[in-house]
Amino acid sequence: MDNYWYSSHIFLIFISTITLCYCQIAPYITEPKLAFVIPINSTALTLTWQFADLSVDRSDLIQISIIFYEYYYSYNKTYPSIDYTFTSTNKTITNLTKNFELVNAYYYVCFSSNSSITNVTQYLFVTNCILTRTCLRSNAACPSPSNVLISSTNIQSNSFLISFLWPNDLPYTPVSFTTQLINTNQTGNALSLIQNTTYTNRSYQFTGLQSRMTYTINTSFTYTILNSMTKTNTTILTVITSCSLKLVYTGDFLISFFFVLGDLVYNIFL
């Protein structure tokens with residue numbers, strides 16, 4: 001059977017936000033919030049952040065550090081941090097526009113803030129990282145980060161494939177992939193990688209199955225972010241195998257039944 005992408009497609013949007021917090025939280029110490037990261041053209045991003053209302057925030061000192069990590073396929077670059085220092089009465093800057101050299105590249109934007117009260121050991125430190133990308137060269141569109149597609153393909157009466165379609169432009173490093181039938185604990189057999197300039201297809205085959213049976217598959221993959229943080233994504237898929245070809249003879253008639261994904265096709269021969 002030819003490979004097709006069936007309606008069991010599941011789109012997985014890879015991690016968009018990472019938050020790290022090391023804090024001793026005290027009353028009236030607040031953090032600036034990263035509100036928006038917006039691509040404004042093919043080589044520029046604008047960041048906007050918000051401070052807490054003065055009636056709430058008693059922080060004497062707030063420090064902000066912004067780091068851009070740039071990715072374009074195998075190329076990557078880390079830009080020097082952009083730092084701001086604010087006092088309790090000087091919270092005037094709330095946005096930043098950063099220009100880059102590459103077109104339609106990926107960027108991890110890491111926004112760190114350190115809020116404290118002078119001469120007191122109370123402080124709040126938070127880092128928030130967001131994955132984004134700049135617009136196309138024409139600036140006619142600003143696509144979101146690519147998705148990984150997990151799907152069931154080549155479904156037959158006794159076998160099927162589970163495929164991970166991994167966009168090559170994603171700034172993640174794949175570590176491992178797992179596929180396992182929840183029904184029987186059977187693990188899929190890895191097939192050879194299929195690559196083109198856009199995607200890498202990792203397929204896992206399940207064989208020796210029963211026809212017209214519903215199988216539940218636990219799929220997961222592990223990858224690294226920013227060359228240090230490891231994340232795992234887990235998804236459950238359901239696949240129904242097709243029916244096998246059956247021939248039935250009755251008198252002068254030959255009736256041929258062929259089932260494909262639940263659709264019955266039959267021919268009667270005199």
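Structure first, text after, so check above.
Computed from a predicted model, the values in this text were never measured in an experiment.

## Quick notes on the sheet that holds strand β13 (residues 172–181)
Within the open sheet, the 3 strands sit side by side as β13-β17-β18. Their pairing is antiparallel. Strands with a single pairing partner mark the edges of an open sheet, and in this sheet they are β13 and β18 (229–240). Neighbour-to-neighbour, the strand axes of this sheet turn through a mean angle of 15°, independent of strand direction.

## With respect to the pairing of strand β17 (residues 214–225)
Every regular strand shows the same layout, with side chains that alternate between the two sheet faces. A large share of β17 lies buried, amounting to 9 of its 12 residues. As judged from the 9 bridges shared by β13 and β17, these two strands associate in the antiparallel manner. For F177, the partnering residue across the bridge sits in β17 and is F221. Of the pairings in the sheet, the one linking β17 to β18 comprises 12 bridges and is antiparallel in character. Opposite N218, over in β18, you have I236 as the bridge partner.

## Some remarks on the packing of aromatic side chains
When we look at a pair of aromatic rings, we describe it by the centre distance and by the angle of the planes. Inspection of every chain in the model, using the stated rule, returns 20 aromatic pairs. Through a chain of ring-to-ring contacts, the aromatic side chains of Y71, Y108, F164, W166, Y172, F177, Y204, F221 and Y223 assemble into a single cluster.

## Observations regarding the nonpolar core
Y108, F160, I162, W166, Y172, I217 and F221 are the most contacted members of the largest nonpolar core, which has 29 residues in total. Counting residues in each nonpolar core, the second largest holds 20 residues, with W49, I66, Y79 and I130 among its members.

## Observations regarding unusual backbone geometry
Despite not being glycine, Y73 shows a phi value in the positive range, around 55°. Within the secondary structure, Y73 sits in the loop between β5 (61–72) and β6 (75–78). Unlike most non-glycine residues, R212 shows phi in positive territory, near 50°. With respect to the helices and strands, R212 occurs in the loop between β16 (199–206) and β17. On the basis of relative accessible area, R212 is assigned to the partly exposed category, the value being 44%.

Calculation rules
Residues numbered from 1 in each chain as written. Predicted model: local features only at pLDDT ≥ 70, side-chain atom pairs only at ≥ 80, totals over all residues. Heavy atoms only, no water. Pairing = 2+ DSSP bridges. Helix = DSSP H or I, 4+ residues; strand = E, 2+ residues; numbered from the N terminus. Axes fitted to C-alpha atoms, helices over the stretch in contact; angles between N-to-C directions. Buried < 20%, exposed > 50% of the residue type's maximum accessible area, 1.4 Å probe, protein only. Phe/Tyr/Trp six-rings, centres within 6.5 Å; stacked < 30°, edge-to-face > 60°. Core = buried A, V, L, I, M, F, W, Y, C linked by side-chain atoms within 4.5 Å.

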